[in-house]
Amino acid sequence: MKKIELEIVALSHSITQTHSYAVVLGEVNGLRRLPIVIGGFEAQAIAVALEHMQPSRPLTHDLMKNFMNAFNVELVEIVINDLQEGIFYSKLVCVSEHDTVEIDSRTSDALALAVRFGCPIYTYDHILESAGILMEDNGKKKKTEVSVEEPAEIAAPTPGTRENLTSLSLEELQSLLTEVLEQEDYIRAIAIRDEINKRR
């Protein structure tokens, strides 16, 4: 079966399930999108890697990468290889000095590792056909940008939400960013950082 390469095009709060997030994978050089519902921890793990943030201590997926590197195991690709009753199944394709091994993985964990290793993400046509959505082609080639949206759980008016960030001074934003990073709330940190960058 021919593999189709995908890339992460968006990460946002899921509109279908509360306390869940959606990672949207886009077909490379194609118009199909594959939305996958994932948990909050995995969404944060993916967001941290996408935004090149450096946590004070390694997150679980960073630990996994460090462990694999220590034993000279390279993650060469991930493959979303099955879909059963709405659940995606994936495998990690790992290479060591002597062997190539395929390891069963939750898709969210596989994506978090793929971002860290910078390896390609693949799936098969039948999965895209059954679970993908087709985007309209407006005739223009658009550069793919990864968008990480602030989750709805923190979208209520608290001192870190998008609505209130505009009312804070640059100094207050810097202070809030430090506080949020100490709490290891990286999704919120991304929104604050973006607001700081807009002001510069």
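What you see is a predicted model; the values in this text were computed from it and never measured.

For the protein, per-residue confidence averages 81 on the pLDDT scale, and residues scoring 70 or more make up 80% of the total. Of all secondary-structure elements in the protein, the lowest mean pLDDT belongs to strand 9 (residues 147-148), at 46, while strand 7 (residues 121-124) reaches the highest, 97. Long-range and interchain partners of residues 139-161, a stretch whose pLDDT sits below 50, account for 48 contacts in this model, where long-range means more than four residues apart.

Below, the discussion takes up the packing of aromatic side chains. Following the criterion strictly, the structure yields one aromatic pair and no others. Here Phe67 and Phe71 contribute two aromatic rings whose centre-to-centre distance is 5.1 Å and whose plane-to-plane angle is 50°, an arrangement assigned as tilted. Above the plane of the ring of Tyr122 lies Lys3, whose end atom (NZ or CZ) is 4.8 Å from the centre. Here the guanidinium or amino end of Lys65 rests over the ring plane of Phe117, the centre of that ring lying 5.5 Å away.

At Asn29, a position not held by glycine, the phi torsion is positive, near 60°. Position of Asn29 relative to the elements: it lies in the loop between strand 2 (20-27) and strand 3 (32-39). Judged by relative accessible area, which is 75%, Asn29 ranks as exposed. Despite not being glycine, His52 shows a phi value in the positive range, around 55°. Structurally, His52 can be placed in the loop between helix 1 (40-50) and helix 2 (60-70).

At 3.6 residues per turn, the α-helix brings residues three or four places apart onto the same side. The buried count for helix 3 (residues 107-117) comes to 10 of 11 residues, which makes it a mostly enclosed element. Of the residues making up helix 3, those classed as buried are Thr107, Ser108, Asp109, Ala110, Leu111, Ala112, Leu113, Ala114, Arg116 and Phe117. At the C-terminal side of helix 3, Gly118 shows a positive phi close to 70°.

The pairing of strand 2 with strand 3 spans seven bridges and is classified as antiparallel. Bridge pairing in strand 3 places Val23 opposite Ile36. Between strand 2 and strand 3, which pair antiparallel in sequence order, lie four residues; one of them, Asn29, sits at a positive phi of approximately 60°. Pairing of strand 3 with strand 8 (residues 133-134) involves two bridges; the strand directions are antiparallel. Bridge assignment links Arg32 to a residue of strand 8, and that residue is Leu134.

Applying the stated rule across the entire model yields eight salt bridges. Its salt-bridge partner being Asp125, residue Arg32 comes within 2.9 Å of it at the nearest N-O pair. With Arg32 in strand 3 and Asp125 in helix 4 (residues 125-131), the pair connects residues that are 93 residues apart, well separated along the chain. You can call Arg32 buried: its relative accessible area is 14%. Its salt-bridge partner being Glu42, residue Arg106 comes within 2.4 Å of it at the nearest N-O pair. With Arg106 in strand 6 (residues 100-106) and Glu42 in helix 1, this pair connects stretches of sequence that are 64 residues apart. Here Arg106 falls in the partly exposed class, since its relative accessible area comes to 48%. Taken together, the salt bridges that share partners define one network made up of Glu27, Arg32, Asp125 and Glu129.

This next bit is on the packing of helix 2 against helix 3. Relative orientation of the contacting elements helix 2 and helix 3 amounts to 60°, with a least axis distance of 10 Å. On the basis of their axis angle, the class for helix 2 and helix 3 is oblique. For the pair helix 2 and helix 3, the crossing hand works out as right-handed. Taken together, the residues of helix 3 that come into contact with helix 2 (itself represented by His61, Asp62, Met64, Lys65, Met68 and Asn69) are Asp109, Ala112, Leu113, Arg116 and Phe117.

Rules used in this analysis
Residues numbered from 1 in each chain as written. Predicted model: local features only at pLDDT ≥ 70, side-chain atom pairs only at ≥ 80, totals over all residues. Heavy atoms only, no water. pLDDT = per-residue confidence, 0-100. Helix = DSSP H or I, 4+ residues; strand = E, 2+ residues; numbered from the N terminus. Contact = heavy atoms within 4.5 Å. Phe/Tyr/Trp six-rings, centres within 6.5 Å; stacked < 30°, edge-to-face > 60°. Lys NZ or Arg CZ within 6 Å of the ring centre and 35° of its normal. Buried < 20%, exposed > 50% of the residue type's maximum accessible area, 1.4 Å probe, protein only. Pairing = 2+ DSSP bridges. Salt bridge = Lys/Arg side-chain N within 4 Å of Asp/Glu carboxyl O. Axes fitted to C-alpha atoms, helices over the stretch in contact; angles between N-to-C directions. Parallel < 35°, antiparallel > 145°, perpendicular 65-115°, else oblique. Left-handed = near helix turned anticlockwise from the far one by under 90°.

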